[in-house]
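Chain by chain, the residues:
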Amino acid sequence: MTDAKLWQPVGAALERWSAAGLHAKFWLRDDDAVEPSSRLDRLIALTARFEVPVALAVVPEQTGHGLAEELEGRSHVSTLVHGWAHRNYAGEGEKKQEFGPHRPLAEMTQDLARGLHRMKQLHPSRLVPIFVPPWNRIAPNVVASLGGIGYAALSRFGPARHAQASIAEINTHVDLIDFRGTRRCRDHALLAAETAQALSDSFEHGGYPVGILSHHLVNDNAAFDFLEALFAASRQHRWVSPRELIE
């Protein structure tokens, strides 16, 4: 499939927004940030070139001053709270979860609070208080506790569940990586089709931002190529920061 044909669905979906006098909105979340790396540098440079805000979901227990120092001067980069330790507590054969029904709620809320506190210390002006549960899974009783701890929103993958009206849910909708198979970038034609569908769904349901999910630690050249092509295709539309989303 030629590049032009591959991107036709996205172009048609964006044209629908333009014909209505509207700008489609996107946002970019990148998970599992801990420390500086060449792939993180590549992501930051690519987003800077296209002036695209990027939200790094950072694992609080594993990170430190190295990442904070690396991000100095990168005004388009925000940080989110990605669990506490990114540790699985689910049993054998169960889907992985750090904040599922496997631990006492008091223990999990303690982790939530210290994760937010540590991130505020490391990234005082860069942090946006959005909680990103590892593996995009979180128990309903934990969701209900987020607002009281100081989180402004929850971010998972897929349609918003609206589990608790007390906190906003700002999700991602297109995941670049095939984690259940190759652990490499998924087929570009499939990603383009999913992006087009997400844009159409957003148009029909209030114009919420379409979330793109990246994982710089496993992003291969194909993943970066897809992002670059999407940034170029969406130049006439808007990429918003997580701070804009919660405001």
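Residues numbered from 1 in each chain as written. Predicted model: local features only at pLDDT ≥ 70, side-chain atom pairs only at ≥ 80, totals over all residues. Heavy atoms only, no water.

Novice: Mind laying out helix α2 (residues 8–19), listing which residues take part and the relevant values?
Specialist: Between the first and last C-alpha of α2 there are 16 Å, a value that for twelve residues agrees with the 16 Å anticipated at 1.5 Å per step. Within the sequence span of α2, burial applies to Val10, Ala13, Leu14 and Trp17. Down the axis of α2, the sector holding all buried residues measures 95°, keeping them to one side. Exposed and oriented more than 90 degrees from the buried face of α2 are Gln8 and Ala19. Of the residues flanking the end of α2, it is Gly21, one or two places downstream, whose phi is positive at about 75°. (Helix = DSSP H or I, 4+ residues; strand = E, 2+ residues; numbered from the N terminus. Expected span 1.5 Å × (residues − 1). Buried < 20%, exposed > 50% of the residue type's maximum accessible area, 1.4 Å probe, protein only. Arc of directions from axis to C-beta.)

Novice: Give me the lowdown on unusual backbone geometry, citing residues and values where you can.
Specialist: One non-glycine residue, Glu51, lies in the positive phi region at around 55°. Turning to its location among the elements, Glu51 is positioned in the loop between α3 (38–49) and β2 (54–58). Of the residues examined, Glu51 reaches a relative accessible area of 70% and is grouped as exposed. Positive phi, normally seen in glycine, also occurs at Trp135, with a value near 60°. Its place among the elements puts Trp135 in the loop between β4 (127–131) and α6 (140–149).

Novice: Would you mind going over helix α8 (residues 221–233) in detail, with residue names and values included?
Specialist: When the terminal C-alpha atoms of α8 are compared, their 18 Å separation across 13 residues agrees well with the 18 Å that a helix rising 1.5 Å per residue should span. Every buried residue of α8 is accounted for by Ala223, Phe224, Phe226, Leu227, Leu230 and Phe231. Here the buried residues of α8 occupy an arc of 155° about the axis, which is enough to place them on one side. Buried-residue contacts for α8 involve β1 (25–33), α3, α7 (188–204), β8 (210–214) and β9 (238–239). (Contact = heavy atoms within 4.5 Å.)

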